[in-house]
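Single-letter residue listing:
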Amino acid sequence: MKIPMTSLSWPFFLLHLLLLLLHPSVPRSCAAFQNPSISTNSSITDIKGLAHTALELALAKANQTLVHVGKLFKNTSDPVLYRSYGTCIEEYKGTVTRHLPAAITALDSNNFGVSKQKAAAAAASADTCEQQFVPDKSPMVAENKVVHGLSIVASNIVELLG
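Below you will find a few notes about this structure. Only a predicted model underlies this, so the values are computations on that prediction, with no experimental measurement involved.

## So, the nonpolar core
Moving on, step 1. Among the nonpolar cores identified, the biggest contains 34 residues, and Leu55, Val69, Tyr92, Leu100, Leu107, Met140 and Ile157 are the most heavily contacted of them.
Moving on, step 2. For this core, the secondary structure elements donating two or more residues are helix H3 (44–74), helix H4 (79–108), helix H5 (112–131) and helix H6 (141–161).
Moving on, step 3. Among the elements that take part in this core, H3 stands out by supplying 10 residues, more than any other.
Moving on, step 4. The contact partners of Met140, leaving out residues within four places of it in the chain, are Thr65, His68, Val69, Leu72, Tyr85, Cys88, Cys129, Glu130 and Phe133.

Written out as structure tokens, the structure is:
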């Protein structure tokens with residue numbers, strides 16, 4: 001039986017696979033890891049670059065989600081939805097203007113603790129947005145999951161750095 005993978009699960013799968021391959025506890029018996037010309041050598045630069053990429057992807061998706069929720073906000077007359085969308089806008093504004101840019105800046109400055117914390121804050125903001133619609137799912141459920149997932153993956157990669 002073939003298990004279908006949605007398009008949302010592929011980025012998470014690939015990032016987790018890279019994280020696993022770069023983790024120092026993974027044995028380096030594969031020929032690719034024995035040949036420096038084709039290996040990442042699990043260097044700090046490679047892990048830092050991977051973390052940077054994950055943070056940039058999270059920032060791009062958070063920006064897209066902010067635009068999407070802004071459109072929903074403008075087009076609703078329901079006061080409950082208006083309030084929920086407003087909360088999401090505030091959360092995503094914080095994510096795209098503070099949390100993720102600060103995580104990237106901290107990563108670039110080798111301040112890994114702050115970078116990890118800010119990436120986790122971005123994930124929490126996506127969760128807060130989604131929680132506005134409980135027990136139902138928000139119209140941005142897929143976007144919230146992607147921002148949350150990319151932010152957590154980035155946070156976990158940064159944790160490998162220190």
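## A few points about the packing of aromatic side chains
Moving on, step 1. Scanning all chains against the criterion turns up 2 aromatic pairs.
Moving on, step 2. Between Phe73 and Tyr82 the ring centres are 4.3 Å apart and the planes differ by 25 degrees, which places this aromatic pair in the stacked class.
Moving on, step 3. Residue class for Phe73 comes out partly exposed when judged on its relative accessible area of 21%.
Moving on, step 4. What makes Tyr82 partly exposed here is its relative accessible area of 42%.
Moving on, step 5. With centroids separated by 5.7 Å and ring planes inclined at 45 degrees, the aromatic side chains of Tyr85 and Phe133 adopt a geometry described as tilted. With Tyr85 in helix H4 and Phe133 in the loop between H5 and H6, the pair connects residues that are 48 residues apart, well separated along the chain.

## Remarks on the state of the cysteines
Moving on, step 1. Counted under the stated rule, the structure contains 1 disulfide.
Moving on, step 2. Across the disulfide, Cys88 is cross-linked to Cys129 (sulfur-sulfur distance 2.1 Å). Taking the sign of the S-S torsion, 95 degrees for the link of Cys88 and Cys129, the bridge is right-handed. Of the two residues, Cys88 sits in helix H4 while Cys129 sits in helix H5, which places them 41 residues apart along the sequence. Each member of the pair, Cys88 as well as Cys129, carries the same accessibility label: buried.

Scoring rules and cut-offs
- Residues numbered from 1 in each chain as written.
- Predicted model: local features only at pLDDT ≥ 70, side-chain atom pairs only at ≥ 80, totals over all residues.
- Heavy atoms only, no water.
- Core = buried A, V, L, I, M, F, W, Y, C linked by side-chain atoms within 4.5 Å.
- Buried < 20%, exposed > 50% of the residue type's maximum accessible area, 1.4 Å probe, protein only.
- Helix = DSSP H or I, 4+ residues; strand = E, 2+ residues; numbered from the N terminus.
- Contact = heavy atoms within 4.5 Å.
- Phe/Tyr/Trp six-rings, centres within 6.5 Å; stacked < 30°, edge-to-face > 60°.
- Disulfide = S-S within 2.5 Å.

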